[in-house]
Every structure is written in C-alpha cells, then in structure tokens.
Protein chains: 2
Amino acid sequence: MLYFAAMPQDRQTLVPALKNIATQLRIDSVRATSQAGSGHPTSCCSMADITAALFFAEMRFDPKNPKNPDADRFILSKGHAAPILYAAWAEAGAFDREELLKLREFSSDLEGHPTPRLPFVDVATGSLGMGVCAAIGTALNARRIKSDYRTYVLLGDGETAEGSVWEAANVAAYDKLDSLCGITDVNRLGQSRPTMWQHDMEQFARRWRAFGWHAIVIDGHDMAAILDALDEARRTKGQPTMILARTLKGKGISFAEDKEGWHGKALKLGDETNRAIAELESQFVAAAKDAAAKLPSQIQKPAAASRTAEFPKPMAAPAYKIGDEVATREAYGVAIAKLGQADARVVALDADVKNSTFSDKFEKAAPERFYENYIAEQVMIGAAMGLAARGAIPFPSTFACFLTRAADFVRMAAISNVNVKFAGSHCGVSIGEDGPSQMALEDLAMFRAEPNYAVFYPSDGVSTERIVELAAHHDGPAYIRTSRPKTAVLYSTDETFTVGGLKVLRQSASDVATVVGAGVTVFEALKAYDQLKTSGMAIRVVDLYCVSPVDRDALVAAGRATGGRIITVEDHYAVGGVGDAVAEAVADAGFGVHRLAVRAIPRSGKPDELLEKFGISAKHIVAAVTALANAKV
Amino acid sequence: MLYFAAMPQDRQTLVPALKNIATQLRIDSVRATSQAGSGHPTSCCSMADITAALFFAEMRFDPKNPKNPDADRFILSKGHAAPILYAAWAEAGAFDREELLKLREFSSDLEGHPTPRLPFVDVATGSLGMGVCAAIGTALNARRIKSDYRTYVLLGDGETAEGSVWEAANVAAYDKLDSLCGITDVNRLGQSRPTMWQHDMEQFARRWRAFGWHAIVIDGHDMAAILDALDEARRTKGQPTMILARTLKGKGISFAEDKEGWHGKALKLGDETNRAIAELESQFVAAAKDAAAKLPSQIQKPAAASRTAEFPKPMAAPAYKIGDEVATREAYGVAIAKLGQADARVVALDADVKNSTFSDKFEKAAPERFYENYIAEQVMIGAAMGLAARGAIPFPSTFACFLTRAADFVRMAAISNVNVKFAGSHCGVSIGEDGPSQMALEDLAMFRAEPNYAVFYPSDGVSTERIVELAAHHDGPAYIRTSRPKTAVLYSTDETFTVGGLKVLRQSASDVATVVGAGVTVFEALKAYDQLKTSGMAIRVVDLYCVSPVDRDALVAAGRATGGRIITVEDHYAVGGVGDAVAEAVADAGFGVHRLAVRAIPRSGKPDELLEKFGISAKHIVAAVTALANAKV
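Residues numbered from 1 in each chain as written. Chains lettered and ligands numbered in written order. Predicted model: local features only at pLDDT ≥ 70, side-chain atom pairs only at ≥ 80, totals over all residues. Heavy atoms only, no water.

A. The arrangement of the interface of chain B and chain A in detail. Facing 107 residues of chain B, the contacting portion of chain A comprises 106 residues. For the pair chain B and chain A, the summed buried surface comes to about 8600 Å²; carbon and sulfur atoms form 50% of the total. Area buried by chain B at its contact with chain A is led by F106(B), M196(B) and R405(B), which between them contribute 10% of it. Viewed at the interface, chain A and chain B are joined by 13 salt bridges. With a shortest N-O distance of 4.0 Å, E363(B) and R193(A) are connected by a salt bridge. (Contact = heavy atoms within 4.5 Å. Buried area = accessible area lost by both parts, 1.4 Å probe. Salt bridge = Lys/Arg side-chain N within 4 Å of Asp/Glu carboxyl O.)

What follows is the structure, given as structure tokens:
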C-alpha cells in the first residue's frame, strides 16, 4: 500500500502543522550538521517549507518501502542540502531521528551528499544540474510502466547556470512531461557570492517560460502559496511546471538569514548552535503540534499489486556467418533491437545520431521505448540514470567521443551504481576523414577509471550481439565501444562471452609473443600473424573484448607461454586503455608490456593510412614482435 | 595593416556581388566534399549567404595575417561546415583555391573539421556547442587588450540543444559582451531528423531574449536582411546579439534543398556533382561578376602597430618555510595572484567556488582579469580556450571532480593545443566528509590521456608555487591538481622544478623498495619511511610532482637501485594515474609496479579514516613494502 503524505486537509489546520514540520526539519538540519562539524545548514533552511509541503501534503509514497514502483519520486538536485532530505524521511518514519546525528560518519549511510546506499535515493546528487536530468528519466519511466506517479525535483538557484539544466528544460517540454514538477529554491546566495540574478524572479520565470514550461513564482516561505503552486502544477497538463520559490538562505536563524559567508558552514557546536535552535524552537506554533505529529494516512487507491512482473524472453542467436562483413556499430543496432523485443525493460536513448550509431533499428522495433534527446548528451545520460533507477535497462548511445560531454554523469552514474549501458560508436583513428574532433581516444580511460563499470570492446558482429545481451543482464553500469569500419565476423553464433573474458584466436606451442588487440586492432594482429607466419614466426593473438575487468589468469598464462613477451595494440591513446589494463593485470607476474597506441593528436586521413601513421597497424605489430623476439634471444 | 572586407558599399552593387560570392562558396564546398568523398556540403550551402556577408562586407581582418591582434574573429561553432570556412578564406586570398580539393587528405591541413593547424582557426570545433563558449573568451580578450575587434560565431540550429550554449548565453549577457555577435543557421534539419523546433523561429528568439540577448530574426538567404542585421548587431550596445537566420539546408541544389537524408553526405563525383554545380553556376548574377572579384580594401585606421608587447616581470620566490602547513589549493591561490601581478597575460576564471579554490586571491590582485562564470564549467573552459587562442594565459579552476563536467572541452583543448592551465582542487578521498560526489578520482586519467598535456600534482606550498609558474610558461595545455588538507612545506624556496621532473626525498644505499607518491600520499610515504626505519628497513621515497610526462630515467634508476621493487600510492582510482604512469615508464626495464590506489567507490568519512579504509595510508605502504621485500628474499 502507498500512503498519501496527508495532513488534515483543511488549510487552517494544515498550514500551521506544516510550518511546524518545516521548523522541525530546520532544527534537525542544524543539529546534524553541527554534530558533524560540516555541511550546509543554511541551504537546508531555505527549502524547509517546500520540503514540509512536498513530503507531508503532496507526495504519495511509503516511507517503509520507498522503491514502490508507483510511489512519487523526489530528487534533491541540490544535493548539498542532504541533511534536510534525511530529516524529512526520518520525520516520515523511514528511520529513527537519532540516526541524523551520525551524518557524514563513515559508519552511516547518511553521507555528505545523497547516494543510493539509501533506499529512498534514486540517483546520487552533489554535482549540480544533474537531478533535473535524472528526473526526466523517472518521469519517462512512469510512462513506460503506465503509472500515474509524479516526479518532483528540487533545484538550487545557482544550479540553473549549469547547461545541463537547460538541456533538461528543452527535453521535458518537448516530451510534454506534465508529471514532472520542478521547484527552484531561489535563496539568492551562491557559494562564493550572490547568484547571477539574486531575487530577480522574472529572470528565472522568463527563461523557464521561454523553454516551454509552466512557471509559477511564489514566496517559498508562504505555506499556502506553496500548496497552491503544487496543486496548480498537478493540474497543469501538456507541459512540465517549474515553481520558482523566493526564499532566504538560513531562514529562521537571524544571524545567518540572507547573509553572505554562511554557505557550506556548520554552526559551531555549543553557543552558536544552541542560539540557532532556541530561535527555531520559538517558531513552533503551539496549537498545531498534535497535527504535525500525525503519520501520513493511507492512500486511497491500491497500487503496485496490480503490476505484473516483466519477464524477458530469451534472445535469439546472432544471424551472422563467419567472414560476413559488418561494422560493430551496426551490429550494436541490430542487437539492441532484438533485445528490445525480448525484454520490455530495455529502452534506448539517442542524441541525434541514431542513423550513425544504428540505434534507429531499436526505434523501429520499439518506438515507444526510444527517447530522442536531440544534440544534448548530458540530459540523455541523466535521463538514462533516472530510468535505470526505476527498473528500466537503458542503452544511451552516441559517438564515443561525445560521451565525454557527459563525463561527470558517467562519474555520478558510478557513484549511483545504476544499470545504465552506455554505447559509444566511431572510436579511434579508424573513423578516418572526419578528423580528431570525432575520434574517441580517451573513452576507455574514462569508463575504465570507474571501479564498477564493465567495459566491453567487441571486434565483430557476433561478439557485439552477445555483449549487448551480456551488458543488459550485468548488474551495474557498463560501456560498449564500437567501431565505424566494417570488419569480418570472427566467431560462430554459438560462441559464448563473459564479463571479464577474452578469446585466444591464434596459438601454438612455439609462439614468440602474445599480441593483445581489441576492436579493429584484432584484425591488424591477425594480419601480423599471417605476415610473421611467412617468415616462420608464430604469435599468440588475443581478442580482449572485455577491457574491464580483464581475465588476469589467461593473460598471465599467455605471457608465460610466450616468453614473457606481451604486446598490446589499441585504437586509443596510450593512457587508460588496453595497454594499461593488461600491464596492471600481469604486473605481479613480472612481465613488462610493450604498448602500441595512438601517441599524438591525430588528423584527417583514410582509416588505413591513420592506423599506419599513428603506429597501430599490422606493420607496427610485426616490427614490435620482431624487435622483442630478437632482443630476448 | 588590417583590411575591411569591403565590397563596394552601395547596396545595389554590393548585394548581387555578395550573392555571387555565396554562390562561389557553395560551388567550392560541393567540389571539395565531392572530391574528398565525404563531408557536409548541404550544411555549407545553408550558411553561404551569411558567410559571404561576414567575410566580404562586415569583418575587419587580414587574410595574410589572420592572427593580427586587432582582427575580428570568426568562429565556426558548427565545425562540420568546415569546407565553406576554407572556401571563404581562399576567396579572401589566404591561400590558393585549388588547395580546397585536398580537403580531408592526410597531407592537407584542411581537415574534416577545423583545427588550429590552420592559422585562421582559433580553436578546434566539431563537437557542437563549444564555439560559442570560445567566442566569449575571444570577446573577453578584446576587453583585456583594449581592442575594438568584434567576435562573430556561427552556430547550427540543432546545436542549440547543447547546454553549453545556454551557459554561454548567460555569461555573455551578464558580462554585457556587445562585441559578440552570434548567428544561428536555422536550416531545420539535424543529422538524423528535423530539429526540435524546425523553422519555428519564435522558439529560438524567445529563448535568446529570455537569456538577455538582442535577437534578430531574418531570412538567411536575403542578403540585404543579413547586412541590416549585422549592422544592427554592431550598433547594439550593452548586450550581445543573436541573429537567427531562417535558411534551407542544401540551398541552391534543388534535389537536396530542404530535404531529409542529405546530412553529412558528399555528392557523388560525376553526374550528381556536375548537376549540382551546373545549377549553382546558373545562379551567378552576370552584372556583378567584376565586383565580386575585387579583393578587400584596406582598413581606414591603423591597428596592432600601436600595441606594446607585454613583458612579464619575474615572479618573487615563495615565502614559505619548511614545516609550515599550507594546503596546496591555498598555495595555488597565492601563486596565481603573484603571477597575475607579474604577468598581464595571466587571467583567472571561476565557477562560483573561488573561496574554496582560493582563486579569490587572484580576484583581489587583478579584478579586471578575473572572470566569474557562476556554476557553469563548460563555458568557463570554453572561454579559457578563446582567451588562450588570443594570447592570454588563462587559469580556470574549480573542484577537480567538476572539471569532468567539461571533459569534452578538455579533449578539444588538446586538439586545439591551446595554452589553458586547468586547476582542480579537492582531489581524492582526502577531502573527507563531503563524500564521493565531491572527490576527484579520475581527473589524472582524464588529463593524462591527452598526449599534449603537462600534468602536475604538487604536494607542498613551495612546489605548488613553482609549478604554477612552470605551467604558465609551458607552451601548451597543462593541469595542476591540488588537495584540500593542509600539508607541511617540504622544499626550500630555492628548489627548482621542471616539466617531467620528480624529487627523491629519501634515499640510501640499502633501500629495499622505491615508493612513489604524489600530493597527500607523499606524506603517507614519509610516515611509512619513518615507521620502516624503526624496524631497520630503508625505502626510497619519490615525490612524482609531474605525472605527465614522467622522468623515466630517474624512475628506472630508482627501481634498479631498490631491487626492482616499485610501489606507487595515489589518492586516485587505479586507472590512468600515478601507478599507470610509473608502470608504463619502467615497462621496458622489466619492473612490475605494485599499485596502491582507491579501488572502490568511496564514501563520507574523516580524511585519515578514508586514506586508511581505501588502502592508501602509511600502514598500507608499510605492509606492501614488507610483503614485497620478503617475497623477493
């Protein structure tokens, strides 16, 4: 059962009761941050009235089961106000209020900024401008599962300088996400100075209106006005609503209220804290105390129970024949389309390159689960995070180089540990003539750096298709790197692939070196194998289709079998990719790894010409093998 | 001398002359892309009239010396239309028109997207939404050098979905950059589908007006309207202008004009190309041919010659004493303030964290060269790129983790090879209670991945100050990573530091292992040294203050002197940082490197507690040294 967070509904009782809750939330926020010795109490105080109204008069949720699929969502985009989020959930009965005093301790999940270690947090926040992008994902998910739950997202005013906010504004309006309600806590003061527009509310309103939102300007400390605005937002159809609440930072604490120099500062334990709490306590309205103590009442309509579980069907085997030519980016498109038909949880997101990434194949197969974000990578990834937090399995895709546009989201998706499956096409110099701005040469470093990503780099159609399925069923974030050129199918359709696996494509008892490639360089390694064979030299060729984690034992075994000579070759810069991955894996075995990688800023040219000029072609592999083999003799 | 690109100034002669130039630019764009076999001819055709007006009736520049400090700037934010940019410069006389037919060849600098290999390109474009950010930098630079040059930036319509565009919109309006004129080529069609707003010009106009710009809507193929709009923009004071030009993609080629499916497609050589060129040639106005052939005339007023060179004064030595406690982030603030007083080219940029990064010390020292961007990291970095392209030495700074917000700009700054000096504070788990969203643990991977960045990671006040100076004078992009906790001053004020250097802090003939730290882990290594000493074991301690490039010879020598035992320890994830850097450097010497790094998503806690729990404290170093030393005995 879900609950309406319903206080008595007549305004004369409700308003003072909510004001009392707001006061309590302020007190809790001050206490917790003072005890921790750090944090943002004044950023909590400005949003206390809004929080009280949302949690105790507006939202439908179950404090004991925040993950209920039909529960309204609340995302705190200004994550530094975490203490009041925690206080609200404690007030609602999710956990004991005394826990709040463990804020920011190693032993507590009440971290400095919210993370999904807490069951009521969908995505980690604390990097500004992201919560509103994730909120689009949770709102899209309501459509996907045909639920009427609403999504509320609270932003700071300074935060609206982030471009990601305006990417979200466009997409939400374009998608007519009327289940989405934003609230901006316009408390006038940023971290280091007053914000760009301070309390000029019209600056905010005209921007949101221009971007197609219904905008409502209110006094964020006028409880009746907050309730009216939330009501108006709920009744607004065909567009999202942004409530612009004029507030005072530090509201209720006279020595800090609306004053500069108090951002991110806990009050000093003792006199300073005591004075603040005494002042806040004096703001309780005595007559409303009983009403405020009431728990939320039960929801009127049943939910969740009627929802049927989504069982994926098995995905059919790949249809490629060995020797067929297909680009892995195209095989990716084929694969997600098949996967989407087998599993209703799978969704795809695009940033206006669907005809290059081949995600348009998914759009044709499941148009209702394909989300176009136009040229806006941050909201694409943020929305994917929100969708994943609500049970979808999102595959956002674009050129791999443009995923760097959302690198901070990649980072926060790691902290959120969400089930997003990133796909990046057009990696490396092998794209050719378009030039360096379109070449991803640092994407493996970006994704491998995060400790909880599975990072795949398939070389052919069969492995791509199997890896898409593998990534979908892997619990946690994943990245799939695909290439532009057509490559030959290497694997039979019954070949199996695993997270952390690799394939040995060529081996013999007399191999002089192990050559580890991935993607297009696998084919360069195979060419080198053929060339070396004619001069009587054998090499072991490895397809490292999973670049993180790597199969340490298999790499060490290959190294041992080939005289400790390991050469890596990759269409990526020398840092953070295949070479570093293999080198770390075999470090304890005492093998040095010789790395072939792109070591200068590339330029336009033909794909083969660039592999050659930037040192990662078959010719360079042959030279490296020959040099190593001779050096050790 | 500068030139006005001045055609005859009476409109009756000028308009047909410019139309003819536009036709020529379309022909050149088609020819070049057809010859290359790839590229974006239709994206060139839509902007041809605007380009002709800008280059041959509006801008002041010298085609033979595009870097003249007082020349107007033109930035092609929609970099995929590069062929028409090249055609315009060829038409202006910068190089021979026949060069255009080498478009996208390895041997030519006329790459698929513009890069500063070409003297008339300030910053590389091709990742959308960046040119307008860089344009803010070139416009700010005009103020810095007290020049009246203007900056023009041409955007695509689809591009305005990028959040970075709206970060730029805010900052330009807030800074009242009336020397900045944007033109949006609203050609209705994106790569994979019509844009969000197609030809609904009001959607564009209301957004730009809401963000404080003067917006002018025109027909982008009406030459008189273009000239009027440019004139109106030049006369508009106190705010930037955005000209919103309604255009047709593929304009002039009837079989492609305003049609889907033609994005990023060259016409086929032969019949298809010939038909297009014949049709375009029929659009020449015969009577105006002579006028169009005229070169730009000389500018009326002298420029540049009157500008005095800026000679930096030497920077005073650091004022720290060994043993003083200062956080490197604070030492960074002290250093850039000193540097700013010594060198007028130095500027600083902030994203509302100046009181945490201590860049506020620069603001106090040189307020006119301090640029506040509020919470908008992309425009901060983009503006820095524009400033650097015009001779400034910009130091943009924020928390290191939030530099990932601008990772794509970091990448394009590498391709641009601009002199931007990034500074990121609050790295690693040592920030403590704020939690993982505020901890940079992948920043070294991001910056080290780019082949042309110098990456510094100082551990104390003296090295920080020297490194700031070193970075400023280093030719190319650089990154300086600073820490939150106070650390003891290790170096005397006359100590010298170099790009690619390191310091050996402890050594003896009996060292059993080399421990390489950087930043806070240097102090953990020194603690480990003291602890091991009591049990009679000596270690070599290295401060790797430059993480890219690294001093390979010194690392190999240290490894050789300590039995091949090297341990790295870093407040960073295991990928792409100190461990990988050292491992690659010593790979050919055959040493395995044992790496201590953060290997899981961290959480809130006390700094020392986190160093301990995530495996990078003195205790872990002692354990690693002991295990390695015993294993090898």
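Having seen it, we continue.
B. Structural detail: helix α9 (residues 271-281) of chain B. All names here are of chain B. E272, T273, A276, I277 and L280 are the residues of α9 that are buried. Looking straight down α9, one finds its buried side chains confined to an arc of 125 degrees; they lie on one side. In the core, the buried residues of α9 are packed alongside α1 (11-36). (Buried < 20%, exposed > 50% of the residue type's maximum accessible area, 1.4 Å probe, protein only. Helix = DSSP H or I, 4+ residues; strand = E, 2+ residues; numbered from the N terminus. Arc of directions from axis to C-beta.)

C. Molecular detail of the side chain of H40(A). Here H40(A) shows up in the loop between α1 (11-36) and α2 (41-46). The exposure class assigned to H40(A) is buried, which follows from its relative accessible area of 9%. Beyond its immediate chain neighbours, meaning those up to four positions away, H40(A) contacts T33(A), H80(A), R104(A), H263(A), G264(A) and D434(B).

D. Representation of the pattern of salt bridges in the model. Per the stated rule, a full pass over the model turns up 75 salt bridges over all chains. The partner of D408(A) in a salt bridge is R405(B), and the shortest N-O contact between them spans 3.2 Å. Here D408(A), found in helix α15 (residues 407-416), pairs with R405(B), found in the loop between β12 (393-399) and α15 (407-416), and the two come from separate chains. A salt bridge links D258(B) to R188(B); its shortest N-O distance comes to 2.9 Å. Here the residue D258(B) occupies a position in the loop between β7 (241-246) and α9, and R188(B) occupies one in the loop between β5 (180-186) and α7 (201-210), the gap between them amounting to 70 residues. The buried category is assigned to R188(B), whose relative accessible area is 16%.

E. Structural detail: the packing of aromatic side chains. Per the counting criterion, the structure on display carries 47 aromatic pairs over all chains. For the ring pair F497(B) and Y545(B), a centre distance of 5.0 Å and an interplane angle of 80 degrees mean the geometry is edge-to-face. Placement of the pair is F497(B) in the loop between β16 (486-488) and β17 (503-506) and Y545(B) in the loop between β19 (538-543) and β20 (546-548), with a sequence separation of 48 residues. Each member of the pair, F497(B) together with Y545(B), is buried. Through a chain of ring-to-ring contacts, three or more aromatic side chains come together here, namely W166(A), W208(A), F211(A), W213(A), W166(B), W208(B), F211(B) and W213(B). (Phe/Tyr/Trp six-rings, centres within 6.5 Å; stacked < 30°, edge-to-face > 60°.)

F. Highlighting the environment of E570(B). All names here are of chain B. When you line up the elements, E570 lands in strand β21 (residues 566-573). Considering only alpha carbons, one finds E570 and T42, 528 residues apart in sequence, at a separation of 50 Å. Apart from residues no more than four positions distant in its own chain, E570 is found in contact with L444, T521, G577, V578, G579, L596, A597, V598 and I616. A polar contact of 2.6 Å, which involves the side chain of E570, links it to the backbone nitrogen of V578. (Polar contact = N/O pair within 3.5 Å; in protein donor to acceptor, adjacent residues only side chain to side chain.)

Honestly, that's just the spatial picture; any functional story needs more than this.
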